[in-house]
Amino acid sequence: MIFTDSAFLKSLEGCEGFDKDSFEQAHLGPAPVSIRVNPYKQHAEVTKSFQDQSPVSIPWCEHGYYLKSRPVFAKDPLWHAGAYYVQEASSMFIEYALKSVLGDQSGLKALDLCAAPGGKSTLLASMPSFQVVVANEIIHSRVPSLMENAIKWGNPRLIVSNNDPVQFENLPGYFDVVLVDAPCSGSGLFRKDPQAYQEWKPELPEFCSARQKRILNSATKAISEDGYLLYSTCSYSACENEENLDYLMATGDFESIQLSIPTEWGIVASVSPRYQAHGYRFYPNRIQGEGFFCAVLKKKVESQSHAQSSPNQTHVKLLSPELSRWVNSEFEWISYQKENEVYVQLEELWDDINGLDAVLKLRKKSLRLGNLIRDELIPDHELAVSASINNDCNQLDLTRDQAISYLKREELNGLEGASGWYWITYNGTGLGWAKMAGGKFKNHYPMNWRILKQN
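A. Just the overall build of the chain, in detail. The secondary structure content of the chain amounts to 14 helices and 23 strands. Computed over its C-alpha atoms, the radius of gyration of the chain comes to 23 Å, within 12% of the 23 Å expected for a compact globule of 455 residues. Each principal axis of the C-alpha distribution contributes one length, and for the chain these read about 70 × 50 × 35 Å. Classification of the 455 residues of the chain by burial places 56% in the buried group. By sequence separation, contacts in the chain at least 24 residues apart represent 71% of the contacts at least 6 residues apart. For the chain, the computed accessible surface area is about 19800 Å², with 47% contributed by carbon and sulfur atoms. Between the mean site of the 44 positive side-chain charges and the mean site of the 55 negative ones, the chain shows a separation of 5 Å.

This is the structure in structure tokens:
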């Protein structure tokens, strides 16, 4: 793309690391393509399937890879299975930032406050430090995409909520890590989305900065003492980045964390003008990725957590032998029902989930097994794509062509099997369910997730 309005470029003058000529040149080329592999779903099969793309590791993300070109992801069964997530490389830096400050800590609670469509939430859920990750989205219309990606990722520790940030003030000091990837002016993504550049106006960054401060006011109250705030935007504007760090530092509640970053990565270190808080800038002319900013702050003040387990009227019990055969026996599970719908949750998370459920509007808090009809479980699609499914389920592994046909919700012809439910997989990774009855397989892939035939 070509910058036709000098107002945008002029607004970046004085920003640390900004070089007008090379910045413009970088926007004339295509954006890099990158994916992040799900470590709980056939990692080796995914990387093997991309060998013709010459995958190159992203240095700041353990499971991140650059691809040499952009394939049609919607026609890849492994993408539909949640075996990997298509994510911009710069934003994957949050993994390195958090690993730098958390070390080998475990059992932590994390909140991704502005989560949709779910890239950063699924990244957090893949890190062993976190016992539970709450992926929150305030905008109702964006929740379905977050739900879909959370379900496909298949990690039972990933919870989805739909709340205004102010509601998290009712959970003071509850989270060890809060990620605020704030709604912003989006200038870091102009190369990928030229239309966003056409909509940019000089007053937009200041408008966004004010909104970001309101979000941060609520977010910071939910952080525990010695917990961390990871603040990020996909904007270059100082008023959305370094100046907001000063806004946080002025409260006296935080200390800024300086990260050790290899110089060869090309990431630009910056400091805020008043308090010299440390931030990190990503420019497309310096790194293989899009524009991004992030910073880590540590909370110094004490907060008392009010997220206590609340009485739950739902009848819960340990899994019956009939239900336990559907899920991984490595973990202890609790089951409960809502009418005929059966759900399971990790026993170790039960108190946490109840405490959160008493305060937040949770859209996904458990793994939905399916409907129990006359003592027979009708398995749900969520179970099929869960990393917690029992791999000893009656399985039918498809070829690529068969998998594409299945994902289009077409008939499964030429396949044989005994009567009953079959876990449909591709390269060992779950896609959904089909039922053999009357000598014919019936395709049970969700209609609203199917590949449209014209694609």
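Moving on from the model shown.
B. Focus on the side chain of Glu290. In this structure, Glu290 sits in the loop between strand 12 (278-282) and strand 13 (292-299). On the accessibility criterion, Glu290 (1% relative accessible area) is buried. A polar side-chain atom of Glu290 sits 2.4 Å from a polar atom in the side chain of Arg191. Apart from the residues within four sequence positions on either side, Glu290 is in contact with Ala31, Pro32, Glu88, Ser90, Gly188, Leu189, Arg191, Lys192 and Phe282.

C. Focus on the sheet that holds strand 20 (residues 395-398). The mixed open sheet is built from 4 strands, whose spatial order is 20-21-22-23. Lying at the two open borders of the sheet, with one neighbouring strand each, are strand 20 and strand 23 (440-443). Strand-to-strand, the axes of this sheet are offset by a mean angle of 40 degrees, without reference to chain direction. Here helix 14 (residues 400-407) sits on the sheet and contacts strand 20, strand 21 (420-426), strand 22 (429-437) and strand 23; the angle it forms with strand 22, its principal contact strand, is near 75 degrees.

D. Focus on the pairing of strand 19 (residues 376-379). Residues Leu377 and Pro379 line the buried face of strand 19, whereas the alternating positions Glu376 and Ile378 sit on a face that is not buried. Pairing of strand 18 (residues 367-373) with strand 19 involves 4 bridges; the strand directions are antiparallel. Residue Gly370 lies in a different strand from strand 19, and its bridge partner there is Pro379.

E. How the structure looks around the sheet that holds strand 3 (residues 64-67). An order of 2-3-1-4 is seen for the 4 strands of this open sheet, with the pairing classed as antiparallel. The sheet is open, and its two edges are formed by strand 2 (56-57) and strand 4 (84-86), each paired on a single side.

F. Region of interest: the environment of Asp104. When you line up the elements, Asp104 lands in the loop between helix 5 (93-102) and strand 5 (108-112). The sequence separation of Asp104 and Pro128 amounts to 24 residues, and the corresponding C-alpha distance is 8.6 Å.

G. Region of the structure containing the side chain of Thr429. With respect to the helices and strands, Thr429 occurs in strand 22. When neighbours within four sequence positions are excluded, Thr429 is seen to be in contact with Lys41, Gln42, Leu78, Ala81, Ala83 and Ile424.

H. Representation of the packing of helix 9 (residues 204-219) against helix 10 (residues 242-249). Relative to each other, helix 9 and helix 10 sit at 35 degrees, their axes nearing to 11 Å. As helix 9 packs across helix 10, the resulting crossing turns out to be right-handed. Together, Ser209, Gln212, Lys213, Leu216 and Asn217 of helix 9 and Asn244, Tyr247 and Leu248 of helix 10 make up the contact between the two elements.

Rules and cut-offs
- Residues numbered from 1 in each chain as written.
- Predicted model: local features only at pLDDT ≥ 70, side-chain atom pairs only at ≥ 80, totals over all residues.
- Heavy atoms only, no water.
- Helix = DSSP H or I, 4+ residues; strand = E, 2+ residues; numbered from the N terminus.
- Rg over C-alpha atoms; globule rule 2.2 N^0.38 Å.
- Buried < 20%, exposed > 50% of the residue type's maximum accessible area, 1.4 Å probe, protein only.
- Contact = heavy atoms within 4.5 Å.
- Areas by Shrake-Rupley, 256 points an atom, 1.4 Å probe, with all protein chains shown as cover.
- Lys, Arg positive; Asp, Glu negative; His and termini not counted.
- Charge placed at Lys NZ, Arg CZ, Asp CG, Glu CD.
- Polar contact = N/O pair within 3.5 Å; in protein donor to acceptor, adjacent residues only side chain to side chain.
- Pairing = 2+ DSSP bridges.
- Axes fitted to C-alpha atoms, helices over the stretch in contact; angles between N-to-C directions.
- Left-handed = near helix turned anticlockwise from the far one by under 90°.

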